[in-house]
Amino acid sequence: ANVGGQRNGTQAAAAQYSADITHSRLRPVIAALRASRWRYDKRVYNALARAAMPCWLGQKEEMTIADVTAALSDDPAFPAEERAELLRLL
């Protein structure tokens, strides 16, 4: 129970922090990703982290759909079919 509680707390904290840097138009996209088969795919989280990095470094205020699109488009971890499926969610 403790582990689950910690995981939920960590996820809640991450969601709150992400909401602070996530452009309002990107929030429903992130929600759709979390509700999709991509929910636990580390490649998606890595791409989102790359898109968020300029915000975390103080270089930008918000992560946008364009930032996530660029991160996914340039990611060799996704075969073309998977990349196209993800980009359609955006």
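To be clear, the structure that these remarks concern was listed above.
What you are looking at is a predicted structure, and each value in this text was computed from that prediction instead of being measured.

This part takes up the nonpolar core. Core analysis: the biggest nonpolar cluster contains 18 residues, and Val44, Met63, Val68 and Leu86 have the highest contact counts within it. Top contributing element to this core by residue count: helix α3 (residues 42-56), with 6 residues. If sequence neighbours within four positions are ignored, Val44 has contacts with Leu33, Trp38, Phe78 and Leu86.

Counting across every chain of the model gives 1 aromatic pair. Directly above the ring of Trp38 sits Arg37, whose terminal nitrogen or CZ lies 4.1 Å from the centroid.

Next up on the list: the environment of Asp74. Along the chain, Asp74 turns up in the loop between α4 (65-73) and α5 (80-89). You can call Asp74 exposed: its relative accessible area is 63%. Each C-alpha atom, one on Asp74 and one on Ala47, is 9.1 Å from the other, the two residues being 27 residues apart in sequence.

What follows is about α5. For α5, the complete set of buried residues consists of Glu82, Arg83 and Leu86. When α5 is viewed along its axis, its buried side chains cluster within an angular range of 100 degrees and face the same direction. Away from its buried face by more than 90 degrees, α5 exposes Ala80, Glu81 and Arg88. Where α5 is buried, its residues meet α2 (27-34), α3 and α4.

What counts and how
Residues numbered from 1 in each chain as written. Predicted model: local features only at pLDDT ≥ 70, side-chain atom pairs only at ≥ 80, totals over all residues. Heavy atoms only, no water. Core = buried A, V, L, I, M, F, W, Y, C linked by side-chain atoms within 4.5 Å. Buried < 20%, exposed > 50% of the residue type's maximum accessible area, 1.4 Å probe, protein only. Helix = DSSP H or I, 4+ residues; strand = E, 2+ residues; numbered from the N terminus. Contact = heavy atoms within 4.5 Å. Phe/Tyr/Trp six-rings, centres within 6.5 Å; stacked < 30°, edge-to-face > 60°. Lys NZ or Arg CZ within 6 Å of the ring centre and 35° of its normal. Arc of directions from axis to C-beta.

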